[in-house]
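Given next are the chains, with one letter for each unit.
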Amino acid sequence: MAEIHLWGALRPAADGAPVVSIEAKTIRELFRKLEENYPGMAPHIARGVAVSIDGRIYRDSWETALPEGAEIYLLPRIQGG
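Rules used in this analysis
- Residues numbered from 1 in each chain as written.
- Predicted model: local features only at pLDDT ≥ 70, side-chain atom pairs only at ≥ 80, totals over all residues.
- Heavy atoms only, no water.
- Helix = DSSP H or I, 4+ residues; strand = E, 2+ residues; numbered from the N terminus.
- Rg over C-alpha atoms; globule rule 2.2 N^0.38 Å.
- Contact = heavy atoms within 4.5 Å.
- Phe/Tyr/Trp six-rings, centres within 6.5 Å; stacked < 30°, edge-to-face > 60°.
- Buried < 20%, exposed > 50% of the residue type's maximum accessible area, 1.4 Å probe, protein only.

Chemist: What is the right way to look at the overall build of the protein chain in this model?
Modeler: Counting secondary structure elements, the protein chain contains two helices and five strands. Along the protein chain, from the amino end to the carboxyl end, the secondary structure elements read β-β-α-α-β-β-β. Rg of the C-alpha trace for the protein chain: 12 Å, near the compact-globule value of 12 Å for 81 residues, within the 12% margin. Within the protein chain, contacts between residues at least 6 apart in sequence are counted, and of these 44% link residues at least 24 apart.

Chemist: Just to check I follow, could you spell out the packing of aromatic side chains for this structure?
Modeler: The geometry of an aromatic ring pair is captured by the separation of the ring centres together with the interplanar angle, meaning the angle of the planes. For the structure shown, the criterion picks out one aromatic pair. Aromatic pair Phe-31 and Trp-62: ring centres 4.9 Å apart, planes at 75°, arrangement edge-to-face. Taken together, the residues Phe-31 in helix α1 (residues 27-37) and Trp-62 in the loop between β4 (56-58) and β5 (72-76) connect sequence positions 31 residues apart. Grouping residues by exposure puts Phe-31 and Trp-62 together as buried.

Chemist: Help me understand the environment of Ala-50 in this model?
Modeler: Inspection of the secondary structure puts Ala-50 in strand β3 (residues 49-53). What makes Ala-50 buried here is its relative accessible area of 5%. For the pair Ala-50 and Ala-70, spaced 20 residues apart in sequence, the C-alpha to C-alpha distance is 15 Å. Beyond its immediate chain neighbours, meaning those up to four positions away, Ala-50 contacts Ile-57, Tyr-58, Arg-59, Tyr-73, Leu-74, Leu-75 and Arg-77.

If you want it as C-alpha cells, here you go:
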C-alpha cells in the first residue's frame, strides 16, 4: 500500500487529509482508485496531475510502477511554454 501526499487543492476531496493510502501498482491504477475512493479528485486528475516518485516527476508515464515504500506526491501539472 502506497502513501500518497496530496497538494492543498486535493485535500478537501479526502476529508482534509494531507496523505491517503492506496493499493496500486502503477500510476494509472493509482488515479483510477483515487477517483473511485475520492470522487472529488476526479476533476483535478482530468485537468492534469503530475506524480513525484522518490523525487522524479512523471507527467505522462502512467504505466510507471509504484515501488514499495516510495515517497509519492501528487502535484498540480504546470504547463510549460
